[in-house]
Amino acid sequence: MARNEKEESIHIGFRETITLILPYFQKKIWDQIKAVIWIVLYLALFQLFILRIPIKEAGLIALGISAVVLGLAFFLEGLFLGLMPLGEALGLRLPQKLGIFSIILFSILMGVGATLAEPAITILRACGSKVAPWDAPLLYFLLNEGSFYLYLSIAIGVGISVVFGMLRFLFGFSLMRILVPTIVILLGVSIYAYFDENLKFISGLAWDSGAVTTGPVTVPLVVALGIGISKVAEKNDQSSAYGVVTLASLFPILSVFLVGMYFSGKLPKPMPEEVFFKQGIKLEEAKLLLGDSYKVPSTKEVSLPKKISPPEFFIKAKENIFDAFELAIRAILPLSIFLLLFLGLILKEKISYPEEVFLGIGFSIIGLSIFNFGIIFGLNKLGDQVGGKLPSTFRSIELIDSTKFIPNFNPKSVLKAVNEDGKEEKFFYLKERKSYTGIPYHEENWNQKNKVYEYVPIHGPIFGKEDNLLGYLVVLVFAFFLGYSATLAEPALSALGNTVEETTVGTFRKSLLIQSVAVGVGLGTLLGMLKILLEIPLVWIVVPIYLLLLFLNTFSKSEFIDIAWDSAGVTTGPITVPLIIAMGLGIGNQMGTVDGFGILAAASAFPILSVLIMGMIVENSRKLSLRDSELKEK
Amino acid sequence: MHFKQKAIRITAIVHRDLTDLVVSALKRNNIHYFHMEPGRYPVLAKRGWLLFDFYQNHSIIDTPVTIFEVSCEASTENFLLSLFRDAAELNIPGHGSVYSETIEFHSPLPADYIVTTEEKTKTIGFSGLTGIFCILPRGSAEPIARLILQNGVAVPTISYGTGTGLRDQLGLLRITIPKEKEILKLVVHSSDAEHAMDFIIEVGRLDLPGRGFIFEFPIGRGLLNTKVSLEGPKQAASMDQIISALDQLYGNMEWRKKSNQFRQSARHRNYFEGVNVVINCKEESIESTLANLRKVGVSSSTISLNKLVHSQNEKNAFTPAREVANILIPKKNLSEVLSLLEETGFFGEETEGIVYTIEIPRAFSYQSKLGKRK
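Model, not experiment: these values are computed from the prediction.

Peer 1: Would you mind going over the overall build of chain A with me for this structure?
Peer 2: In terms of helices and strands, chain A carries 21 helices and eight strands. Sequence-distant contacts in chain A: of pairs separated by 6 or more residues, those separated by 24 or more amount to 83%. With an accessible surface of roughly 28,500 Å², chain A has 64% of that area assigned to carbon and sulfur atoms.

What follows is the structure, given as structure tokens:
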């Protein structure tokens, strides 16, 4: 700082470069390992020691998980180098150079663009195939034929919320002024929907899509934009850059409901399957519901996993890598180009370190590709394996993925046995390696043509009899820790945590935020699970919890309110969502519920609660630093 | 010939909950321009419950503060000091501190930027204080702050900043060196200053390259925060109250000096002197300014963000989002730096720059062999 040497260009040799780069990467990757390790260990140990089923394709999953770690490290670094500085620069310049109308236009465009890029939304669609069109026509429509309307409504919801957020920064009014009416309307609509036959089934989807929208691309960008704007805003005395994220996860709920209401009249009401196929629906309704090619969808077919030969496997892997890369490009590139063009052409500003921003964008794309790949091959596989088998704690389930085909089966080897009630049962012995195991014989699994007997092993119930209480409890505890440990790895939360720590100058630590959010998500997941197990309507969960939150808000400081509500939107991202949905679908299928939605909604309401409560505790100690001696004097 | 004007800079560090009170008091008194910056001050936490005590050997609780800066004429110093004291009730431990320094402006300023008033107020605060300004890598301030608090030296203030220096000459490789810094400021009795500095250098390993930078700055008058711990009062009056009562009784802080308790450092340190150039400009324009300054050999600096608030809403001469850079240079280079700033249009509308200097009697940082020869 003090020396007065003339500028020298520093020459860095290859070895020095390595000594600079290695510790840098080491640190970044180590941080991500620390974040991801808990969820991985948890899932693996749970499957091995509680469910007692060996992990399939362990090598591939291990590779996938390393990809998650590497991808996260790159992606987050890219975010901090590229997208966030861009967002903040834009936020600083917008109010200085443009009028309010242009800011609104820009905010809508950015909100819509960022949402359409968000990778987590596509996961919602994946659940669509599990819904039958006759059980819930509206839900089926929105997830399949009408998914475009669903995406668009979500994106517009986010766009509008960005507008409101930016207006809030410019004019400096408190978050509560938007939050309270929005939530009151939302709760009202949810209650209305609860009494409507068709809308009832989409309320889970609506609340979940709110939770899903705000992911690792939208959140950092929107927060950075907000920081920029709130810095230059004259009327904003207590500069707080938060609150947009929570709006961005509330408004889409409303817009999905609105779209649902629009289509509700055009679609048939839920009906039994037979009615649906006979005379149930009109032609135009069917066209809308099932698309142009409207043919009756075949009922659920179970495809048996075939042995994949190595070349096929490589082709599949190549396709997956390509998909992951394409997904990443689509998420980052159009958005960055839009931001760069806007900054360059409309605002006519230069970026201070262009090469750093470009490197950051490159890093984000590389990171997101590796991350996507890792999610497909690592976490999703592991999550599906555990999630699908989770019901075995209280029920016996068929392990379809470990079906055995016994060739040259001879029915003569079938023996008879007597069960407790005195009835006859058939079984045969199978020699596996060195031991003989008795296997129940079912006639329908015996294929006489090719002489193959198909044996689907049955697992569980692990804890006592069918539907035992302990088994349910294990599921609930599992849900809590799944939510907790998955949240620790969530990239958007990590980015928000960094921003919070930076803007509060370290008075609000990242680790504190992440821990309290994680506990909240855990509780929410637990409750969401309970909802599916006991078939509680979502309204019964959402209404009381949000009313409680509004009540708590009145006791908290605006600083904590903003951060608490924002962290709710952030929690459910690309790591949590697939895992929780896999678990929800696994349990939902066993329980025969129509939709497995609603867990995410619960999982994103509870972090608000936990962060608010944590804020109150922190606030209390801060007050103590101000007050105790005063009290003494009085 | 450069523009030159001597003035007083008042710095007030106020508990966040009192910020609104102070802002409204400033506006009420027609103080049109003041800078605000968030920061925190660490306090030793209360003893834990029951067994938890074993684990947390006096952990730190961070209290958010707002750091105010106002410039005024010498005659207004006392008025502003008492204004801050009354607005935030700074005589109560835990509320905050206020102190004044002499600075010299080198840039044209809008009217009202330097506050002046006719009102005469009697002098308040203690003299004989010295401030210490220390730049450390992120995360290093806390252990130092803890030791400072435990020894009862002072209550430090920590704020965030970014550093430029060696990094910027590396090209893209710069991303491998974290630029995030923590700025630790504390005010101690002048006779303790050297020892406190020595102590921080030792603990923070500032004698190693790339670790940070420290300097002391003279302070006119000050009223300091005495709240070191959240520990509830065990006696009728808390320790903090006793300290502040004694301060008032003696009318100074002489009795609090700690110098005889410090371990005398055997090592001889190469201190140097210079001027601290404070550059304040529109956010996002400091980078280019500093890049220009590198031509005259100013290689490193610390940047922090602050907000410039004005109470009148129309006719604002400045954008509120600001960046501040602290640069320490040898005194002989000052004119060179200033004329370069003027040449590059730093004071123009594009960057809205403000520049002032503070004389630094003693500074320390790791010096390369090259630096020592000079």
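Peer 1: What is the right way to read the overall build of chain B from this model?
Peer 2: Along chain B, the regular secondary structure elements total eight helices and 14 strands. Out of the 374 residues belonging to chain B, those deemed buried represent 60%. For chain B, long-range pairs separated by at least 24 residues make up 82% of all intrachain contacts whose partners lie at least 6 apart in sequence. Here chain B has roughly 15,700 Å² of accessible surface; of this, 52% comes from carbon and sulfur atoms.

Peer 1: It is not clear to me how the nonpolar core should be interpreted in this structure. Could you clarify?
Peer 2: Soluble globular proteins: nonpolar side chains tend toward being buried together. Within the largest apolar cluster, 164 residues are counted, with the highest numbers of intra-cluster contacts made by Trp207(A) and Tyr546(A). For this core, the element with the highest residue contribution is helix H2 (residues 58–97) of chain A, accounting for 13 residues.

Peer 1: Sorry if this is basic, but what is going on with the sheet that holds strand S4 (residues 424–432) of chain A here?
Peer 2: The strands that make up a sheet are held in pairs by hydrogen bonds between backbone atoms, and each pair lies either parallel or antiparallel. Residue and element names in this part refer to chain A. Spatial ordering of the open sheet is given by S3-S4-S5, a layout of three strands whose pairing is antiparallel. Where the open sheet ends on each side, the last strands, each with one partner, are strand S3 (415–418) and strand S5 (435–440). Neighbour-to-neighbour, the strand axes of the sheet open up by a mean angle of 45 degrees, direction not taken into account. Relative to S4, S3 runs antiparallel, the two sharing four bridges. Bridge assignment links Ala-417 to a residue of S4, and that residue is Glu-425.

Peer 1: How should the side chain of Arg322(B) be read in this particular structure?
Peer 2: Residues and elements named next belong to chain B. Relative to the helices and strands, Arg-322 is located in strand S13 (residues 321–329). With relative accessibility at 0%, the residue Arg-322 sits in the buried group. One polar contact links Arg-322 to Asn-280, side chain to side chain, over a distance of 2.9 Å. There is a polar contact of 2.7 Å between the side chain of Arg-322 and the backbone oxygen of Glu-352.

Peer 1: Help me understand the environment of Thr214(A) in this model?
Peer 2: Inspection of the secondary structure assignment puts Thr214(A) in the loop between helix H8 (203–213) and helix H9 (218–232). Once the C-alpha coordinates of Thr214(A) and Thr246(A) are considered, the two residues, 32 residues apart in sequence, prove to be 8.6 Å apart.

Peer 1: In this structure, what is going on with the side chain of Glu101(B)? I would like to understand it.
Peer 2: All names here are of chain B. Examined against the element boundaries, Glu-101 turns out to sit in strand S4 (residues 96–105). In this structure Glu-101 comes out as buried when scored by relative accessible area, which is 1%. A polar side-chain atom of Glu-101 sits 3.4 Å from a polar atom in the side chain of Thr-11. For Glu-101, the contacting residues outside a window of four places in its chain are Ala-7, Ile-8, Arg-9, Thr-11, Phe-217, Pro-218, Ile-219, Gly-220 and Ile-358.

Peer 1: Explanation requested: the pattern of salt bridges in the structure shown.
Peer 2: Any two side chains of opposite charge can pair, given that their charged atoms come close. For the coordinates displayed, the defined rule picks out 19 salt bridges over all chains. With a closest N to O distance of 3.8 Å, Glu619(A) and Lys557(A) form a salt bridge. In this pair, Glu619(A) is assigned in helix H21 (residues 599–633) and Lys557(A) in the loop between helix H18 (538–553) and helix H19 (558–571), connecting sequence segments 62 residues apart. Since its relative accessible area comes to 7%, Glu619(A) is described here as buried. Here Lys557(A) falls in the partly exposed class, since its relative accessible area comes to 27%. Where Glu101(B) meets Arg9(B), a salt bridge forms, and the shortest distance between an N and an O atom there is 3.0 Å. In this pair, Glu101(B) sits in strand S4 while Arg9(B) sits in strand S1 (residues 5–15), placing the two residues 92 residues apart along the sequence. Shared partners join several salt bridges into a network, and the residues in it are Arg509(A), Arg40(B), Asp62(B), Glu142(B) and Glu182(B).

Peer 1: Got a minute to help me understand a nonpolar patch on the surface in this structure?
Peer 2: Together, Ile37(A), Trp38(A), Leu41(A), Leu45(A), Leu48(A) and Phe49(A) give the surface a local cluster of nonpolar side chains, amounting to about 580 Å² of exposed area. Relative to the helices and strands, Leu41(A) resides in helix H1 (residues 14–51).

Peer 1: Just checking my understanding: could you explain the sheet that holds strand S2 (residues 404–407) of chain A for this structure?
Peer 2: All names here are of chain A. Spatially, S2-S7-S6 is the arrangement adopted by the three strands of the open sheet, whose pairing is antiparallel. Two strands lie at the open edges of the sheet, namely S2 and strand S6 (446–447), each paired on one side alone. Note that S6 and strand S7 (residues 452–455) share two bridges and pair antiparallel. The partner of Trp-446 across the bridge, within S7, is Tyr-453.

Peer 1: When you look at the packing of aromatic side chains in this model, what are you seeing that I'm missing?
Peer 2: Each aromatic ring pair is summarised here by two numbers: the centre-to-centre distance and the angle between the ring planes. Residues and elements named next belong to chain A. Following the criterion strictly, the structure yields 40 aromatic pairs over all chains and no others. Judged by centre distance (5.8 Å) and plane angle (50 degrees), the rings of Phe-25 and Phe-74 are tilted. Placement of Phe-25 in helix H1 and of Phe-74 in helix H2 is noted, with a sequence separation of 49 residues between them. Judged by its relative accessible area of 29%, Phe-25 falls in the partly exposed class.

Peer 1: Would you mind showing me how to read H2(A) here?
Peer 2: Since the α-helix packs 3.6 residues into each turn, any two residues three or four apart lie on the same face. Residue and element names in this part refer to chain A. The end-to-end C-alpha distance of H2, which contains 40 residues, comes to 55 Å, matching closely the 58 Å that a straight helix rising 1.5 Å per residue would cover. Its axis deflected by about 45 degrees at Leu-79, H2 carries its strongest bend there. Within H2, 28 of the 40 residues are buried, leaving the element largely enclosed by the surrounding structure.

Peer 1: What is the right way to read the confidence of the model for chain B from this model?
Peer 2: Detail in the predicted coordinates should be disregarded across regions flagged by low pLDDT. Residue and element names in this part refer to chain B. Taken as a whole, chain B shows an average pLDDT of 78; of its residues, 80% reach a score of 70 or greater. Note on residues 369–374: pLDDT is under 50 here. Beyond four places in sequence and across chains, it has eight contacts. Predicted complex metrics record ipTM = 0.78 and pTM = 0.82.

The rules behind these values
Residues numbered from 1 in each chain as written. Chains lettered and ligands numbered in written order. Predicted model: local features only at pLDDT ≥ 70, side-chain atom pairs only at ≥ 80, totals over all residues. Heavy atoms only, no water. Helix = DSSP H or I, 4+ residues; strand = E, 2+ residues; numbered from the N terminus. Contact = heavy atoms within 4.5 Å. Areas by Shrake-Rupley, 256 points an atom, 1.4 Å probe, with all protein chains shown as cover. Buried < 20%, exposed > 50% of the residue type's maximum accessible area, 1.4 Å probe, protein only. Core = buried A, V, L, I, M, F, W, Y, C linked by side-chain atoms within 4.5 Å. Pairing = 2+ DSSP bridges. Axes fitted to C-alpha atoms, helices over the stretch in contact; angles between N-to-C directions. Polar contact = N/O pair within 3.5 Å; in protein donor to acceptor, adjacent residues only side chain to side chain. Salt bridge = Lys/Arg side-chain N within 4 Å of Asp/Glu carboxyl O. Patch = residues over 30% accessible without salt bridge, like charges linked within 9 Å, V, L, I, M, F, W, Y side chains within 5 Å. Phe/Tyr/Trp six-rings, centres within 6.5 Å; stacked < 30°, edge-to-face > 60°. Expected span 1.5 Å × (residues − 1). Bend = angle between axes of the 7 residues up to and from the residue. pLDDT = per-residue confidence, 0-100.

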